[in-house]
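Working through the structure, step by step
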Amino acid sequence: MMRILGKASSINVRKVLWTATELDIPFEREDWGSGFRSTQEPEFLALNPNAMVPVLVDGDVVLWESNTISRYLATRYGDGRLLPGDAVARAKVEQWMDWQATELNNAWRYAFMGLVRNSPAHQDPVQIAAGIAGWNRQMGLLERHLETAGDYVAGGAFSLADIVLGLSAHRWRKTPMSERPDYPAIAAWMARLEARPAARAWLPDEIA
């Protein structure tokens, strides 16, 4: 059976779990990471030398990087679901996945580490305020896109872009911050996502 290595509280692990659940792929999940088995163990490093979760083991296939794993699952098992075969339609999904992994992630990192994880190295109030402002600015970009995109990020069909950005938007809504704009298009889109059984399984009440 397919194995997914990584603790379920990890946002990147949840990308893979949500994708597999949407596609009805049977899997076993193993707890690795902070609070569980160390990713520095030789067994894990043999699978991912970066010592980071998630890792997918699918027969002889071993993959790391959450977006890459999600693309693999959708391509191998999705039969056109979640990731279109058409080059243009696929690129529209992947551009938003890449934006999440680069621009959006970089915007929220300092504020999230300080406000949620209470990291001693991320307690500068000026940098936290700048992080909140940058995070809200990036979410505003998503808001403007969703105002005209259709029901989902890449248009009329639910896709991998909605999974990776849905998890990020959930984190944004759950983080206790001093200022969070009212973004109605994001709220309506999240309501559509939360109606999906797979989403309800992997959008937790608590974030970590």
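Starting afresh in each chain, residues are numbered from 1 along the sequence in its written order. A pLDDT threshold of at least 70 governs which residues receive local features in this predicted model, and a stricter bar of 80 or more applies before side-chain atom pairs are shown or counted, although totals over entire chains, interfaces and linings include all residues. No hydrogens and no water enter the side-chain calculation; it runs on all heavy atoms of the structure.

Things to note about the overall build of the protein
Each helix corresponds to a stretch of at least 4 residues labelled H or I by DSSP, and each strand to a stretch of at least 2 residues labelled E; elements are numbered beginning at the N terminus. Helix and strand content of the protein: eight helices and four strands. Secondary structure of the protein in N-to-C order comes out as β-α-β-α-β-β-α-α-α-α-α-α. In this description the radius of gyration comes from C-alpha coordinates, and the expected globular size is given by 2.2 Å times residues to the power 0.38. For the protein, whose C-alpha radius of gyration is 17 Å, the value lies close to the compact-globule estimate of 17 Å for 208 residues. The principal-axis extents of the C-alpha atoms in the protein amount to approximately 45 × 45 × 25 Å. Partitioning the intrachain contacts of the protein with sequence separation of at least 6 by distance along the chain shows that 64% fall at a separation of at least 24. Per-residue and other accessible areas were derived by the Shrake-Rupley procedure at a 1.4 Å probe size, with only the shown protein chains allowed to occlude residues. Entry remark: accessible area of the protein is about 9900 Å², with carbon and sulfur atoms responsible for 52%. In this description, contact between two residues means that some pair of their heavy atoms is separated by no more than 4.5 Å.

Structural notes on the pattern of salt bridges
Side-chain pairing between opposite charges can occur once the charged atoms of the two side chains come close. We define a salt bridge as a contact between a side-chain nitrogen of Lys or Arg and a carboxyl oxygen of Asp or Glu at a distance within 4 Å. Counted by the stated rule, this structure contains ten salt bridges. Here aspartate 31 ties to arginine 29 by a salt bridge, and the two come within 2.4 Å at their closest N and O atoms. Accessible area is worked out with a 1.4 Å probe on protein chains only. A residue is then buried under 20% of its type maximum, exposed over 50%, and partly exposed in between. The class of arginine 29 is partly exposed, set by a relative accessible area of 32%. Note that glutamate 41 and arginine 37 form a salt bridge whose closest N and O atoms lie 2.9 Å from each other. The partly exposed category is assigned to arginine 37, whose relative accessible area is 36%. Residues joined in a network through salt bridges with shared partners are Arg71, Arg90, Glu94 and Asp98.

Remarks on helix 1 (residues 11-22)
In this model helix 1 runs 16 Å from its N-terminal to its C-terminal C-alpha over twelve residues, within 8% of the 16 Å that 1.5 Å per residue would give. When you tally the buried positions in helix 1, you get ten out of twelve residues, the bulk of the element. Turning to helix 1, its buried residues are Ile11, Val13, Arg14, Lys15, Val16, Leu17, Trp18, Thr19, Ala20 and Glu22. Once helix 1 ends, the next one or two residues include aspartate 24, with phi positive near 60°. Multiplying 1.5 Å by the helix residue count minus one yields the expected span of that helix.

Notes on helix 3 (residues 66-77)
In this model helix 3 runs 16 Å from its N-terminal to its C-terminal C-alpha over twelve residues, within 8% of the 16 Å that 1.5 Å per residue would give. When we look at burial in helix 3, the residues that qualify are Ser66, Asn67, Ile69, Ser70, Arg71, Tyr72, Leu73 and Ala74. Taken together, the buried residues of helix 3 touch strand 1 (2-5), helix 1, strand 3 (55-58), strand 4 (61-64), helix 4 (87-115) and helix 6 (160-174).

Overview of the UniProt feature "domain: GST N-terminal" (unreviewed entry) in the protein
UniProt positions are given in the numbering used here, feature names are shortened, and annotations may be inferred rather than shown by experiment. Under the UniProt annotation, "domain: GST N-terminal" (unreviewed entry) lies at residues 1-81. Here residues 1-81 is 35% helix and 20% strand, with 21 Å between the C-alpha atoms at its ends.

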